[in-house]
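Single-letter residue listing:
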Amino acid sequence: MRLTVNGTEHEVVAPPLTTLLHVLREELFVTSPKAGCQQGGCGACTVLVDGEPRRACLIPLAAVEGAAIATVEGLGEADELSGVQAAFHEHYAAQCGFCTSGFVMAAQALVVRGDGAIEREEVIEALSGHLCRCTGYVKIVDAVTAAVRSEVTTGSPA
Amino acid sequence: MAKHRGRGFATIEYPTGMNQNGDPSQAWIKLKPDGRVDVFAGTVDIGQGSKTVHTQIVADALGVPYDWVTMDNSNTDSSAVCTGTFASRGTFIGGNAVRYAAEKARERILDIASKELEISADDLEIVDGEVLAKGAPDRKISIPDVAGAATYVYGELITGNGTALKPLAEVDDDDGSVTVEPHSAISYAACVIDVEVDDETGETTVLKMLQVYDVGRAINPTLVEGQIEGGAMMGLGLGLLESSYPYYPSVEHRGEQFGSYLAPALEDLPELENVILENPSVDGPFGAKAIGEMANNAQPPAIAAAIHDAVGVWVTEMPATPERVLRALDAKREPRREGKRVIYDEEISVAGVSADGGQAFWGVDA
Amino acid sequence: MKAVGARLPRYDGIAHVTGRTQYVDDVRVHGTLWCKALRSPHHSALILSIDTTKARALPGVHAIVTHEDVPHNVYGHLEGLGVPADEPLLAEGDVRWKGQPIAAVAAESEEIAQAAVDAIEVRFEQREPILDIRTAADPDAGEHFHQWGAIYPHFGPHNHRRVRKGDVEAAFDAADVIVEGVYRPQAIEHCPLETQVSLVVPEPSGRLTIYSCTQAMYFSMGVVAAHLEWPLNKLKFVGGTVGGGFGGKVDTATETICALLAIQARRPVKWRFTREEEFLTSSTRAPWHIEIRDAVTKDGWILGRRMLTLHDAGGYARFSPYGLTKHAFHHTGAYTIPNLRFDGFVLFTNRVPTTAMRGFGVTSVSLATELHLSRVAEQLGMNPLELRLKNANRVGDTTGNRVVMHDPSTVVVTLAAADAAGYELGEDYRAMTSERRSGDLLPEHLVAQQAPDGEHLATYRATNGGAR
């Protein structure tokens, strides 16, 4: 079946109940979404499916036929980070980095559908299903709040 | 019926390095022909930022811009021993290893520069990637030129290697005494926690944590904040939410997923206020001590003290779950008094449950 | 100095936010097989037989290992520190915790590997689990599963870690109040977002490349080398970038078993713990049981402390003796207590072996002793900060181990916190410093413990250096 990932169309052959996470990581070698728990409990596998943040470990391949999948690899690169990526880097929102991809995609969805105004409580609400064990969340909330409000020195970080 | 506020306090200390020492970290450095610096350190970065901190240390120990330095800790063929990333030894012991390596490389740089400039090495200094004559900075040579001269004129690979190792401190098995200091440094911290306890549900909400850490020297203050904040949430989990064995000592009903094991989530985040103090160590890199491990030690006792301040009960089995708080409120136990002894918690003590009062433990030689 | 003290960006920051940081599970090697382990379903049992015949016959199974395949099965991680070995890599003769690995399979997919695991036949004879450290050494406790008995016996000639200083009984006699309490900090999970994982790749040269999530590359390499009886240069550990550890990724939980499978299969083998496996079978923080008796005066001096600590090691010793020793070294916390009696025991129970976790050994001290001091303050009707300031470590004070304090910060951090939080303190407390005790801060009972001015233990000032 057909799957579009970060703008590129792929022909994927796998059993229909194979999880999107497995397809991305093992078939397409898109490794930014992580296998944190494989039960939808941690958010580290979060990708955008037609713009909505979803848990790739819970989605069977058959359910995303024809959908547009977005992962961190499609957001930006070292020499041109996206606004959300620059915000995470500037605010030191990643320590070990393992949960970062999931948070970044959830934040990206928040930025795209937002209007630039947001309170910290709303950020916390929107990200509440994501776990981080290293940072204590403070700098993640700072980064996402800044990204939504576009208070980021876009482009290259400090 | 009501929510009650309370405040608790704790002051703690924690040693830097493996207890009793004997844990080496080694590093080595080489310069490329254009003067850029390659560091081979063995310290594993588990997120705390050792790759960053060690790069900063090398940059300043050598006198070069930070972005001239590359850090490779990726494998055991090119890196030497670092006993491990634990015991809060990465910045101090791992950092000293890269610092000593940098200092050795610096000596080689100055030696070659002194030949090129015909000035004694003692009269030279390195600033921002250039070797300058002290007091006469127009007499100078860049490190790239020094490295080029080393490669193509003098036939030398500019390197330095360093080992940080404090000798093993033997302990006397009879009285616990040592004659060699058994740590590299000691860090201190204090913590004030404000909570709100619901006396009907037993739930405790942490409202605010004020944390003060003496880290000796904050090599990278933002990374230190990262440890304070991450540790705060881990301490909150340790004090209120998490348990591998909810019915300890029973092994039943263990949580096997994130829904049944309560790792701290965003909704648990209180207000955090961090204060970083710098009381430098004697011989850590640039005076640094440590913070990583101790970062989750002060919160549990401060939370328990705050719960007592709020609702008048002492919960001494962690985590202070709503069930434990409610049971303590129901029991409202006062300590037993016997002469000048004030005796708490007898029902859970060894003497309280053991067939012979715990003679195996209380009965050993004085 | 330009870099030290500066808020420079993380060295690996860009890689993290672009999803490019490579963790072990992101490494792709052609031909990789998946590992699954057969784990004990019982908390405590004898193993009567293991039969892997049916498992080996399944298509897609490339290797199976049991204890018979391990050149050196029982190896102690702390043998270098005098802790004898007690723990097998793969169970041999008995199992001591639910989840203990008995055998492992390498197969073409996780599903085939799991089917093979399910096809391994093991006969057990169950034993009654021993779970409560407080009663495990009772006279009527019956036979204990561990070859050393209920209590770890190798603290020199003793079965407990001891600290003895001054005269604690005299301190109790002299005290106005003796406050006694019991503290039970519990086991928790490290719970990093990245579970335990390793990938072992056999190289054409006969070496093994081991992609590992370990927090300690050479330490883990030493463990693998010891089990295989190989020299270190036959192994290459690759890692250095880990998705969280917190002390749980030192145990070398997957590397050696994957190595044995890779050698047998002549294929790369990967073992990635499921989250359930991580929660239920990876090592935890230790549960502790701590009883404190503090002899105090009504004006807030802590004259002496008697402390009993029981540490729950789970099924095997691992790092527990080291953790308990560290606990003993710091059992007075940030304060100076001149008369001490500490006895600490490591107990074996039928649960997952406990291990280091952030603060190892001292986390339990902080919980117990700080909470205890809060109670002491309440009993004395004293400001809890003033109690701490009075007894705080000062220059020249000695600890229970006779370490001489040369630069303690108890007073500094306590006053800074008091200031920031708005605590009321008496004038004389606000003016306190860490300088050598004298006058009112040097009562009779603290004189003997105070080291002569300028005296320190050997190597308090390190003179480490690099090679010539």
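About the thresholds
Sequence order as written defines the numbering, with residues in each chain counted from 1. Chains and ligands are labelled by the order in which they are written, letters from A for the one and numbers from 1 for the other. Per-residue local features of the predicted model are confined to residues with pLDDT of at least 70, and side-chain atom pairs are confined, for both listing and counting, to 80 or more; whole-chain, interface and lining totals are unaffected and use all residues. By definition, any uninterrupted DSSP run of H or I lasting at least four residues is a helix, any uninterrupted run of E lasting at least two residues is a strand, and each is numbered from the N terminus. Radius of gyration here is computed from C-alpha atoms only, and the compact-globule reference equals 2.2 Å multiplied by the residue count raised to the power 0.38. Labels follow a simple rule on C-beta atoms placed from the backbone: if 20 or more others lie within 10 Å of a residue's own, it is buried; if 12 or fewer, it is exposed; otherwise it is partly exposed. The start and end points of each domain follow an automatic or database-based domain assignment. For every residue pair, C-beta atoms are placed from the backbone, and the pair is scored as a contact if these atoms sit within 7 Å. Residues were grouped as follows: Ala, Val, Leu, Ile, Met, Phe, Trp, Tyr, Cys and Pro as nonpolar; Asp, Glu, Lys and Arg as charged; and all remaining residues, including Gly, as polar. Strand pairing is assigned whenever DSSP identifies at least 2 bridges connecting the two strands. We define the nonpolar core as any set of buried residues of the types Ala, Val, Leu, Ile, Met, Phe, Trp, Tyr and Cys, connected via C-beta atoms lying within 7 Å of each other. Crossovers are marked right-handed if the path from the first strand over the helix to the second runs clockwise, as seen with the strands pointing away from the viewer. To get an axis, fit a line to the C-alpha atoms, keeping to the stretch in contact for a helix; angles then go from 0 to 180 degrees between the N-to-C directions. In a left-handed crossing the near helix is turned counterclockwise from the far helix by less than a right angle, and in a right-handed crossing that turn is clockwise. For classification purposes, angles smaller than 35 degrees are called roughly parallel, those larger than 145 roughly antiparallel, those between 65 and 115 roughly perpendicular, and all remaining angles oblique.

J.: Looking at this structure, how should I read the overall build of chain B?
T.: If you tally the helices and strands in chain B, you get eight helices and 13 strands. Taken over the C-alpha trace, chain B has a radius of gyration of 27 Å; the compact-globule value for 366 residues is 21 Å, which it surpasses by more than 25%. By principal-axis analysis of the C-alpha atoms, chain B measures approximately 85 × 50 × 40 Å. In chain B, which comprises 366 residues, the proportion classed as buried is 58%.

J.: What is the right way to read the domain arrangement of chain B from this model?
T.: Accessible area lost during the coming together of the parts is what is often quoted as the interface size. All names here are of chain B. Annotation of chain B at the domain level lists domain 1 (3-15 + 183-322), domain 2 (20-164) and domain 3 (334-366). Relative placement of domain 1 and domain 2: their C-alpha centres are 37 Å apart. Tallying the contact residues gives 17 residues for domain 1 and 15 residues for domain 2. When its residues are assigned to classes, the side of domain 1 that touches domain 2 shows ten nonpolar, five polar and two charged.

J.: Just to check I follow, could you spell out the interface of chain C and chain B for this structure?
T.: Across the boundary between the two partners, chain C contributes 125 residues, which contact 128 residues of chain B. If you tally residues by element for the side of chain C that touches chain B, the top one is helix 9 (residues 362-380) of chain C, at nine residues. Looking at the side of chain C that touches chain B, its residues break down into 61 nonpolar, 34 polar and 30 charged. Pairing between strand 13 (residues 341-343) of chain B and strand 8 (residues 177-183) of chain C: three bridges, direction parallel. The residue of strand 8 of chain C that forms the bridge with Arg341(B) is Ile178(C).

J.: Just to check I follow, could you spell out the nonpolar core for this structure?
T.: For soluble globular proteins, the rule of thumb is that nonpolar side chains tend to be buried together. Residues Val58(B), Ile307(B), Cys35(C), Val105(C) and Leu261(C) are the most contacted members of the largest nonpolar core, which totals 313 residues. Beyond its immediate sequence surroundings of up to four residues, Val105(C) is in contact with Cys35(C), Lys36(C), Ala55(C), Val61(C), Ile64(C), Ala113(C), Ala116(C) and Val117(C).

J.: Help me out: how do you make sense of the domain arrangement of chain C in this one?
T.: Residue and element names in this part refer to chain C. As assigned here, chain C comprises domain 1 (32-127 + 190-281) and domain 2 (161-188 + 284-447). Here the C-alpha centre of domain 2 lies 40 Å away from the C-alpha centre of domain 1. Listed per partner, the contact involves 19 residues of domain 1 and 17 residues of domain 2. When grouped by side-chain class, the residues that make up the side of domain 1 that touches domain 2 number six nonpolar, nine polar and four charged.

J.: Even after reading the chapter, I still don't get the pairing of strand 3 (residues 37-41) of chain B, so can you show me in this structure?
T.: A regular strand places its side chains so that they alternate between the two faces of the sheet. Residues and elements named next belong to chain B. Burial of strand 3 is extensive: four of the five residues sit out of reach of the surface. Connecting strand 2 (residues 25-31) to the next strand, strand 3, in antiparallel fashion are five residues, including Gly35 with a positive phi near 90 degrees. Strand direction decides the pairing type here: strand 3 and strand 4 (residues 69-72), joined by four bridges, are parallel. Bridge pairing in strand 4 places Asp38 opposite Thr70. Where the polypeptide runs from strand 3 across helix 1 (residues 50-62) and back to strand 4, its parallel neighbour, the crossover connection is right-handed.

J.: I would appreciate a short explanation of the pairing of strand 4 (residues 52-55) of chain A in the present structure.
T.: Residues and elements named next belong to chain A. Taken together, the four bridges between strand 3 (residues 46-49) and strand 4 define a ladder with antiparallel strand orientation. Counted as the bridge partner of Val47 is Arg54 from strand 4. Turn length for the strand 3-strand 4 hairpin, with the two strands adjacent in sequence and antiparallel, is two residues, and the turn residue Asp50 shows positive phi of about 50 degrees.

J.: Would you mind going over the sheet that holds strand 9 (residues 185-198) of chain B with me for this structure?
T.: Pairing between the strands of a sheet is mediated by backbone hydrogen bonds and can be parallel or antiparallel. Residue and element names in this part refer to chain B. Across the sheet, four strands lie side by side as 1-9-10-11; this open sheet has mixed pairing. Here the strands that pair on one side only, and so sit at the sheet edges, are strand 1 (3-16) and strand 11 (271-277). The sheet shows a mean angle of 15 degrees between the axes of neighbouring strands, taken without regard to direction. Sheet analysis places strand 9 next to strand 10 (residues 204-214), joined by ten bridges and oriented antiparallel. Each bridged residue has a counterpart across the sheet, and for Cys191 the counterpart in strand 10 is Gln211.

J.: What should I look at first to understand the sheet that holds strand 10 (residues 208-212) of chain C in this one?
T.: All names here are of chain C. What the seven strands build is an open sheet, ordered 3-5-1-12-9-10-11; its pairing is mixed. One side of each edge strand has no neighbouring strand; the edge strands of this open sheet are strand 3 (61-65) and strand 11 (235-238). Going across the sheet, the axis of each strand differs from the next one's by a mean of 20 degrees, ignoring polarity. Strand direction decides the pairing type here: strand 1 (residues 33-39) and strand 5 (residues 101-107), joined by six bridges, are antiparallel. Within strand 5, the residue paired with Trp34 across the bridge is Ala107.

J.: Would you mind going over the packing of helix 2 (residues 83-90) of chain A against helix 5 (residues 138-148) of chain A with me for this structure?
T.: Each pair of packed helices gets described by two things: the angle between the helix axes and the distance between those axes. All names here are of chain A. At their nearest, the axes of helix 2 and helix 5 sit 8 Å apart, and the two run at 145 degrees to each other. Where helix 2 crosses over helix 5, the two elements pack in a sense that is right-handed. Residues Gly83, Val84, Ala87 and Phe88 of helix 2 pack against Ala143, Ala146 and Ala147 of helix 5. Class assignment of the residues belonging to the contact of helix 2 with helix 5 gives a composition of six nonpolar, one polar and no charged.

J.: Quick question: what am I supposed to make of the environment of Asn297(B) here?
T.: With respect to the helices, strands and loops of the structure, Asn297(B) is situated in the loop between strand 11 and helix 5 (299-311). Owing to 27 C-beta atoms within 10 Å, Asn297(B) belongs among the buried residues under this scheme. Sequence separation between Asn297(B) and Asp128(B) is 169 residues; the distance between their C-alpha atoms is 40 Å. Excluding residues within four positions of it along the chain, Asn297(B) makes contact with Ile12(B), Tyr14(B), Gly235(B), Gly359(C), Val362(C), Thr363(C) and Ser366(C).

J.: Would you explain the packing of helix 9 of chain C against helix 10 (residues 384-391) of chain C in this entry?
T.: Residues and elements named next belong to chain C. Two elements in contact, helix 9 and helix 10, have axes whose closest approach is 9 Å; the angle formed by their N-to-C orientations is 110 degrees. In terms of their interaxial angle, helix 9 and helix 10 are classed as roughly perpendicular. Where helix 9 crosses over helix 10, the two elements pack in a sense that is right-handed. For the pair helix 9 and helix 10, the contacting residues are Leu373, Ser374, Val376 and Ala377 in the first and Pro384, Leu387 and Arg388 in the second. Residue classes in the contact of helix 9 with helix 10 are distributed as five nonpolar, one polar and one charged.

J.: Sorry if this is basic, but what is going on with helix 2 of chain A here?
T.: Side chains of residues three or four places apart in an α-helix project in the same direction, reflecting 3.6 residues per turn. With eight of eight residues buried, helix 2 of chain A is to be regarded as a mostly interior element. Listed in full, the buried residues belonging to helix 2 of chain A are Gly83(A), Val84(A), Gln85(A), Ala86(A), Ala87(A), Phe88(A), His89(A) and Glu90(A). The elements touched by buried residues of helix 2 of chain A are helix 3 (100-113) and helix 5 of chain A together with helix 1 (13-17) of chain C. Note on helix 2 of chain A: the residue one or two positions beyond its end, Tyr92(A), has a positive phi of about 55 degrees.

J.: Explain the environment of Ser320(C) to me, please; I cannot follow it from the model alone.
T.: Residues and elements named next belong to chain C. Relative to the assigned elements, Ser320 resides in helix 8 (residues 320-329). Overall, the presence of 26 C-beta atoms within 10 Å leaves Ser320 in the buried class. For Ser320 and Pro41, which are 279 residues apart along the polypeptide, the C-alpha to C-alpha distance reads 24 Å. Once residues lying within four places of it in the same chain are set aside, the contact partners of Ser320 are Tyr152, Ala286, His311, Ala313, Val346 and Thr354.

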